[in-house]
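# Architecture at a glance
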Amino acid sequence: MSETPIVYVTREIPEVGLERLRERYEVVVWDEKLPPEKSHIETRLAELDAEGLVCLLSDDIDADVLAASPDLEAVCTFSVGYDHIDLAAAAERGIAVGHTPGVLTETTADLAWALLMTCARRTVEGHDYVEAGEWGTWGPRLLTGPDVHGATLGVVGLGNIGTAVARRAAGFEMDVLYTARSRKPEREGELAEFGVDASYVERDDLLAESDFVSLHVPLTAETAGLIGEDELRRMPDEAVLVNTSRGEVVDTDALDSALDEGWITRAGLDVTDPEPLPADHPIMRHAPERLVVTPHVGSASIGTRNRMAEMIAENLTAGIDGEPLPNSALRDAGLE
Ligand code: DGY
């Protein structure tokens, strides 16, 4: 083992984070545009006797990866979501796992709203229309869509991001419904301070009564396929679905049928299943009239990404030093 601990980083994260890591560690970065294969991560961890691993949400960090370097002390993901890491295996091996909650809440909520507004007011279609040279005159029927102000927003999952999305509804004088595993009086109180009167309803009622449904649940065995054919059929024909959580929460084939057959009007997705979504995936034939897709950029503001990179360094340092992590995924998942 080298005297300076070695940290393997599976992609170029913002420089501010790499600089912080380089102050204490020998940092080896995979600098290709596309992610390394899982087998490559395993090989590099083993070759380097790495003590730290910085990964992304697109890396599959399973028990084999976690076992690759006997010296591995800490794995830190450049994301709040940790569904790509086998937490149980990490806990069993005594490997600390860090993530980046909190810092990306507002930025991701902004993106959910960007998709909601884009779907309602058809801005991508508008741009394409102008670019295609079709803008011959002002049109009374041109690109009309539903009003956002005064509509009903349904938030599925009232955690940090769901609450931040609901808070923004105040400016649009919307009615806000939410559903979660149980009622959340504290969150309701938090929202009330901003003038948002959020009502807890059962999921089926939320789907039936909302003009805009925005998904904010983590990916778990319980939430995979949460929005399938039954759920999409429950939504009003004019409804818009926004997903900035995880692609697997929505059944892609069911959504495809929903857009085809008009069970809902439009969907805005920042996350997809599969992800990345190939340009020739069947569902892309709906874009942009019925579907707007962004490439998983919920947290992609410069400030937020820089702060995430700093948090990675803070988490990793604590993990390698055997200290409690400022943001432990094991703790947040109830495994610590
Ligand atoms: C995360 O960090 O888990 C988000 O999905 C990034 O946008």
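Structural notes, computed from the coordinates. These numbers come from a predicted model, not from an experiment.

Neighbouring residues of the ligand: Leu 57, Ser 79, Val 80, Gly 81, Leu 104, Arg 246, His 296, Gly 298 and Ser 299. One nitrogen or oxygen atom from the main chain of Gly 81 is found 2.9 Å from an oxygen atom belonging to the ligand. At a separation of 2.7 Å, an oxygen atom of the ligand approaches a polar side-chain atom of Arg 246. Starting from 230 Å² of accessible surface for the ligand in isolation, the protein chains cover 94%. In the shell around the ligand, the residues fall into three nonpolar, five polar and one charged.

The next point concerns helix α6 (residues 123-131). Those residues of α6 not exposed but buried are Glu 125, Gly 126 and Tyr 129. The buried residues of α6 occupy an angular sector of 100° when projected down its axis, which confines them to one face. Exposed side of α6, more than 90 degrees from the buried face: His 127 and Glu 131 are the residues found there. Those residues of α6 that are buried are in contact with β11 (266-269). Positive backbone phi, approximately 75°, marks Gly 133, located one or two places after α6.

What follows concerns the side chain of Thr 105. Along the polypeptide, Thr 105 turns up in helix α5 (residues 105-121). At a separation of 3.0 Å, a polar atom in the side chain of Thr 105 contacts the main-chain carbonyl oxygen of Gly 102.

Another aspect to go through is the sheet that holds strand β6 (residues 152-156). Taken together, seven strands build an open sheet; the order of strands is β8-β7-β6-β9-β10-β11-β12 and the sheet is parallel. The open sheet has two edge strands, β8 (198-200) and β12 (291-293), and neither has a second partner. Strand-to-strand twist in this sheet, taken as the mean axis angle between neighbours without regard to direction, amounts to 15°. The pairing of β6 with strand β7 (residues 175-179) spans five bridges and is classified as parallel. Considered in β7, the bridge of Val 156 is made with Thr 179. Taken strand by strand, α5 contacts β6, β9 (212-215), β10 (240-243), β11 and β12, and its axis lies near 150° from that of β11. Across the sheet, helix α7 (residues 160-168) touches β6, β7 and β9, and the angle it forms with β6 is around 170°.

So, how was this worked out
- Residues numbered from 1 in each chain as written.
- Predicted model: local features only at pLDDT ≥ 70, side-chain atom pairs only at ≥ 80, totals over all residues.
- Heavy atoms only, no water.
- Near = heavy atom within 4 Å.
- Polar contact = N/O pair within 3.5 Å; in protein donor to acceptor, adjacent residues only side chain to side chain.
- Areas by Shrake-Rupley, 256 points an atom, 1.4 Å probe, with all protein chains shown as cover.
- Nonpolar A, V, L, I, M, F, W, Y, C, P; charged D, E, K, R; others polar.
- Buried < 20%, exposed > 50% of the residue type's maximum accessible area, 1.4 Å probe, protein only.
- Helix = DSSP H or I, 4+ residues; strand = E, 2+ residues; numbered from the N terminus.
- Arc of directions from axis to C-beta.
- Contact = heavy atoms within 4.5 Å.
- Pairing = 2+ DSSP bridges.
- Axes fitted to C-alpha atoms, helices over the stretch in contact; angles between N-to-C directions.

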